[in-house]
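This is what each chain is made of:
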Amino acid sequence: MATIETIYLGDLRTENEHLQSGNKVITDAPVDNRGKGEFFSPTDLLATALGSCIMTIMGIKARDNDIDIEGTKVEVTKIMASDPRRVAEVIVEFHFPKKNYSEEEKQIVESVAGTSPVPLSLHPDLIQTIKFNW
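Per chain, residue numbering runs from 1 following the sequence as it is written. Only residues with pLDDT of at least 70 get local features here, since the model is predicted, and only at 80 or more are side-chain atom pairs given and counted; chain-wide, interface and lining totals rely on the full set of residues. As a rule here, side-chain values come from all non-hydrogen atoms in the structure, and water together with hydrogens is ignored.

Only strands that DSSP links by at least two bridges are regarded as paired with each other. Helix numbering and strand numbering both begin at the N terminus, where a helix is a DSSP run of H or I of at least 4 residues and a strand a DSSP run of E of at least 2. What the three strands build is an open sheet, ordered β4-β5-β6; its pairing is mixed. Whereas interior strands pair on both sides, the edge strands pair on one side only; in this sheet they are β4 (73-81) and β6 (127-133). On average, each strand axis in the sheet is inclined to that of its neighbour by 15°, with strand direction left out of account. Relative to strand β5 (residues 86-95), β4 runs antiparallel, the two being bridged by nine bridges. Bridged to I79 within β5 is E89. Whether two residues are in contact is decided by their heavy atoms: any pair within 4.5 Å suffices. What counts as an axis is a line fitted to C-alpha atoms, over the stretch in contact for a helix, and the angles between N-to-C directions run from 0 to 180 degrees. Most of the contacts of helix α1 (residues 42-64) go to β5, to which it runs at about 35°, and overall it touches β4, β5 and β6.

Moving on: the pairing of strand β1 (residues 4-10). Note that β1 and strand β2 (residues 13-18) share six bridges and pair antiparallel. What sits directly across from E5, in β2, is E17. Once β1 ends, the chain turns through two residues before running back antiparallel as β2, passing D11 with a positive phi of about 55°.

Further remarks concern helix α2 (residues 103-110). Remark: exposure states derive from per-residue accessible area (1.4 Å probe, protein chains only) relative to the maximum for the residue type, with buried under 20%, exposed over 50%, and partly exposed in between. Among the residues of α2, those classed as buried are K106, I108 and V109. Burial along α2 is one-sided: seen end-on, the buried residues are contained in an arc of 160°. Across from the buried face of α2, at angles greater than 90 degrees, the exposed residues are E103 and E104. Where the residues of α2 are buried, they touch α1. As used here, the arc belongs to the directions running from the helix axis to the C-beta atoms.

So, on to the pattern of salt bridges. Here, a salt bridge means any Lys or Arg side-chain nitrogen found within 4 Å of an Asp or Glu carboxyl oxygen. The final tally for this structure, using the stated rule, is nine salt bridges. The salt bridge involving R13 is made with D28; its shortest N-O contact spans 2.7 Å. You can see R13 sitting in strand β2 and its partner D28 sitting in strand β3 (residues 24-28), a full 15 residues away along the chain. Looking at R13, the relative accessible area reads 16%, which means it is buried. Across the pair D44 and K78 runs a salt bridge whose closest N-O atoms are separated by 2.7 Å. In this pair, D44 is assigned in helix α1 and K78 in strand β4, connecting sequence segments 34 residues apart. Judged by relative accessible area, D44 falls into the partly exposed class, the value being 26%. Judged by relative accessible area, K78 falls into the partly exposed class, the value being 24%. Connected through shared salt-bridge partners, R13, D28 and E38 make up one network.

In this description, a pair of aromatic rings is defined by centroid distance and the angle of the planes. In this analysis, rings of Phe, Tyr and Trp, with Trp reduced to its six-membered ring, are considered paired at centre separations within 6.5 Å, and the interplanar angle assigns stacked below 30 degrees, edge-to-face beyond 60, and tilted for intermediate values. Counted according to the given criterion, the structure contains six aromatic pairs. By the ring-pair criterion, three or more aromatic residues cluster together here, those being F94, F96, Y101, F132 and W134.

Moving on, we come to the sheet that holds β3. Strand order in the open sheet formed by three strands is β1-β2-β3, with antiparallel pairing between adjacent strands. In this open sheet, the two edge strands, each paired with only one partner strand, are β1 and β3. In this sheet, neighbouring strand axes are inclined to one another by 20° on average, regardless of whether the strands run parallel or antiparallel. Taken together, the five bridges between β2 and β3 define a ladder with antiparallel strand orientation.

Below you can see the structure in the form of structure tokens.
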């Protein structure tokens, strides 16, 4: 069974439905690629998936070790390249709440950052820069 159904709405825009939940995400081509840039672009979603996947696996590890990382913010920066047009680098920067984490707790959470499905699924030429701000 399919996971997602995508409908092309025209004008370089798609509507994507998560079939299990019914939630929808609309994408636009970015302005620098003849789109309107009014919604996430497909490459924005790739970068978002990287950040949220790493955050999720860190959340699992933190929960398993009774470490509270609720409120952690992730800033994701996507850097494009051309010839061919592609995502060249994604910078994922974590900002943890001020909760006086021990060095051991920090190491536990950081240790799983590159081990979740999205980082492991991306092409090795895509640079994944991960930064931690405690």
